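The residues making up each chain are set out below.
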Amino acid sequence: MLRRSRLFGRKTRVTFSLPHDLPDGVVSVVGDFNGWEPGRHELVRRRNGTRSVSVTLSPGVHRFRYLATGGVWFDDDTADRTDEHGCLIEV
């Protein structure tokens, strides 16, 4: 699930959130905003039963995917659009 929060100026905080147990193991959000670097934005377990991480993004369209333990790539069905290259979010 994606949640957007406007910040000062033109920045937007985007929170990427998943259930705590699906998929199993460590999950990172990787995209054009972090050089597609796994582990840089790792989702953290929360008390409410989810895992999440927040990233501050500049205006525009950004591409991302999730990467789980074992090299498992997957998409977010709440993204603005999804294509054969992954997810797109517009901020």
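Presented here is a report on the structure given in the accompanying data block. Given the structure is predicted, the values throughout are model-derived calculations rather than measurements. (Residues numbered from 1 in each chain as written. Predicted model: local features only at pLDDT ≥ 70, side-chain atom pairs only at ≥ 80, totals over all residues. Heavy atoms only, no water.)

Re the environment of Thr82
Counting through the fold element by element, Thr82 comes out in strand S8 (residues 81–83). The class of Thr82 is partly exposed, set by a relative accessible area of 45%. Through-space distance from the C-alpha of Thr82 to that of Phe64 is 9.6 Å; in sequence the pair is 18 residues apart. With residues near it in sequence (within four places) discarded, Thr82 still touches Asp75, Asp76 and Cys87. (Helix = DSSP H or I, 4+ residues; strand = E, 2+ residues; numbered from the N terminus. Buried < 20%, exposed > 50% of the residue type's maximum accessible area, 1.4 Å probe, protein only. Contact = heavy atoms within 4.5 Å.)

Remarks on the pairing of strand S2 (residues 12–19)
Within S2, 6 of the 8 residues are buried, which leaves it mostly tucked inside the rest of the structure. Between strand S1 (residues 2–6) and S2, which pair antiparallel in sequence order, lie 5 residues; one of them, Gly9, sits at a positive phi of approximately 65°. Of the pairings in the sheet, the one linking S2 to strand S5 (residues 50–57) comprises 8 bridges and is antiparallel in character. Note on S5: the bridge partner recorded for Val14 is Val55. (Pairing = 2+ DSSP bridges.)

Brief notes about the side chain of Asn34
Tracing the sequence through the fold places Asn34 in the loop between strand S3 (27–31) and strand S4 (44–45). In this structure Asn34 comes out as buried when scored by relative accessible area, which is 2%. Apart from residues no more than four positions distant in its own chain, Asn34 is found in contact with Val29, Arg40 and His41.

Section: unusual backbone geometry
Most peptide bonds take the trans form, and the phi angle of most residues other than glycine is negative. Here Leu22 and Pro23 are connected by a cis peptide whose omega angle stands at -5°. Tracing the chain through its elements places Pro23 in the loop between S2 and S3. Although it is not a glycine, Trp36 adopts a positive phi angle of roughly 55°. The exposure class of Trp36 is partly exposed, given its relative accessible area of 33%.

Here's the deal with the sheet that holds S4
Taken in spatial order, the 4 strands make up an open sheet running S1-S2-S5-S4, and their pairing is antiparallel. Among the strands making up the open sheet, the edge pair consists of S1 and S4. Across 2 bridges, the pairing between S4 and S5 is antiparallel. Considered in S5, the bridge of Val44 is made with Ser52.

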